[in-house]
Amino acid sequence: PTLPRGRCLVFNCVSTWGDENFVGLAGIEVFDGRGFPVILKEPLKQVLADPHSINILPEYQHDPRTPDKLFDQVNLTRDDLHV
């Protein structure tokens, strides 16, 4: 095949801009073989991160910046509810 195929997409971020545990991303877009966006049906169950989010730190408990937001289709933003 000329296009990649699979069921699991893994991103390994090997460096950051200073934080040793977290990478700042506003979104990730994935497209199917016809060029249409792939929409995740259950991003809370389908997206994993390690560490999960900044909420693992004692000073954070309800920070909205969680991995599921990477696939909410709001990518050009600085709104914490979408990064």
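This text follows the structure it describes.
All values derive from a computational prediction rather than experimental measurement.

Novice: Hey, could you go over the environment of Ser15 for me, with residue numbers and the actual values?
Specialist: Along the chain, the position of Ser15 falls in the segment before helix 1 (43–46). For Ser15, a relative accessible area of 56% puts it in the exposed group. Considering only alpha carbons, one finds Ser15 and Leu57, 42 residues apart in sequence, at a separation of 20 Å.

Novice: Any chance you could break down the state of the cysteines for me, citing the residues and the numbers?
Specialist: With the rule as written, the count across this model stands at zero disulfides. The thiol of Cys8 is not disulfide-bonded; the next cysteine sulfur, from Cys13, is found 14 Å away. Taking relative accessible area as the criterion, Cys8 reaches 65% and is therefore assigned exposed.

Novice: Please provide a residue-by-residue account of the pattern of salt bridges, values included.
Specialist: A complete count under the given rule lists four salt bridges for this structure. Notably, a salt bridge pairs Asp32 with Arg34, separated by 3.5 Å at the nearest N-O pair. Salt-bridge contacts for Lys45 lead to Glu42; the nearest nitrogen and oxygen are separated by 3.2 Å.

Novice: Lay out unusual backbone geometry in plain terms, naming residues and giving numbers.
Specialist: Looking along the chain, the bond that leaves Asp50 and enters Pro51 is cis, with omega of 0 degrees. Locating Pro51 in the fold gives a position in the segment after helix 1. Look at Gln73: it is not a glycine, yet its phi comes out positive at around 70 degrees. Residue classification places Gln73 among the exposed residues on the basis of a relative accessible area of 52%.

Cut-offs used in this document
Residues numbered from 1 in each chain as written. Predicted model: local features only at pLDDT ≥ 70, side-chain atom pairs only at ≥ 80, totals over all residues. Heavy atoms only, no water. Helix = DSSP H or I, 4+ residues; strand = E, 2+ residues; numbered from the N terminus. Buried < 20%, exposed > 50% of the residue type's maximum accessible area, 1.4 Å probe, protein only. Disulfide = S-S within 2.5 Å. Salt bridge = Lys/Arg side-chain N within 4 Å of Asp/Glu carboxyl O.

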